[in-house]
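Structure assessment
So the chains spell out like this:
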Amino acid sequence: QVQLVESGGGLVQPGGSLGLSCAASGSFFSVNAMAWYRQAPGKRRELVASITSGGSTIYADSVQGRFTISRDNAKNTVYLQINSLKPEDTAVYYCYAEAVINRWGNNYDYWGQGTQLTVSS
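1. Some details on the sheet that holds strand S7 (residues 67–72)
Read across the open sheet, the four strands follow the order S1-S3-S8-S7; overall the sheet is antiparallel. Each of the sheet's edge strands pairs with one partner strand only, and the pair in question is strand S1 (2–7) and S7. In this sheet, adjacent strand axes meet at a mean angle of 15 degrees when their direction is disregarded. In this structure, S7 lies alongside strand S8 (residues 77–82), joined through six bridges in antiparallel fashion. Bridging from a neighbouring strand, Ser70 pairs with Tyr79 of S8.

2. Remarks on the pattern of salt bridges
Side chains that carry opposite charge are capable of pairing whenever their charged atoms lie near each other. One pass over the full model with this rule turns up three salt bridges. When the shortest N-O distance is used, the salt bridge between Arg38 and Glu46 registers 2.7 Å. A relative accessible area of 6% places Arg38 in the buried class. Overall, Glu46 belongs to the partly exposed group, its relative accessible area being 35%. A salt bridge links Asp89 to Arg66; the nearest nitrogen and oxygen atoms lie 2.8 Å apart.

3. Notes on the pairing of strand S5 (residues 46–51)
Of the pairings in the sheet, the one linking strand S4 (residues 30–39) to S5 comprises five bridges and is antiparallel in character. Paired with Met34 across the two strands is Ile51, which belongs to S5. Here S4 folds back onto S5, and the loop between the two strands holds six residues, one of which, Gly42, carries a positive phi near 75 degrees. Here S5 runs beside strand S6 (residues 57–59); their pairing, made up of three bridges, is antiparallel. Bridged to Ala49 within S6 is Tyr59. Where S5 folds back on S6, the antiparallel hairpin that results is connected by five residues, among which Gly55 adopts a positive phi of roughly 100 degrees.

4. Quick look at the state of the cysteines
In this structure the tally under the stated criterion is one disulfide. Sulfur-sulfur distance for the disulfide between Cys22 and Cys95 comes to 2.1 Å. Residues Cys22 and Cys95 are joined by a disulfide whose S-S torsion is about -85 degrees; by sign, that bridge is left-handed. Highlighted residues: Cys22 in strand S3 (residues 18–26) and Cys95 in strand S9 (residues 91–100), separated in sequence by 73 residues. Classification of Cys22 as buried rests on a relative accessible area of 0%.

The rules behind each value
- Residues numbered from 1 in each chain as written.
- Predicted model: local features only at pLDDT ≥ 70, side-chain atom pairs only at ≥ 80, totals over all residues.
- Heavy atoms only, no water.
- Pairing = 2+ DSSP bridges.
- Helix = DSSP H or I, 4+ residues; strand = E, 2+ residues; numbered from the N terminus.
- Axes fitted to C-alpha atoms, helices over the stretch in contact; angles between N-to-C directions.
- Salt bridge = Lys/Arg side-chain N within 4 Å of Asp/Glu carboxyl O.
- Buried < 20%, exposed > 50% of the residue type's maximum accessible area, 1.4 Å probe, protein only.
- Disulfide = S-S within 2.5 Å.

Rendered as structure tokens:
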């Protein structure tokens, strides 16, 4: 089993910055892609940013240039640095990881419990 534990989040003023982190723990061989998703009230969950084990990244158009995703493979941890926050960034942010759980290469998707980010003055 794989657990994803997120930290960060909270109440931030518009224009502010914040960092989120998510650490994977449990029984697995390796972690492939890791990502951050978010879900605002009344909206579908959407991809914010993803990063491969090799460091290749993808960003949603709405966050390009303001959000930076990174990871520490040795710690199985993914980070999201968020700058120039806007009220529309308010959402629950979820960590995602694709983990290889055995030597045969079987992999599964795992999700964190979510952390609330509210951008408001």
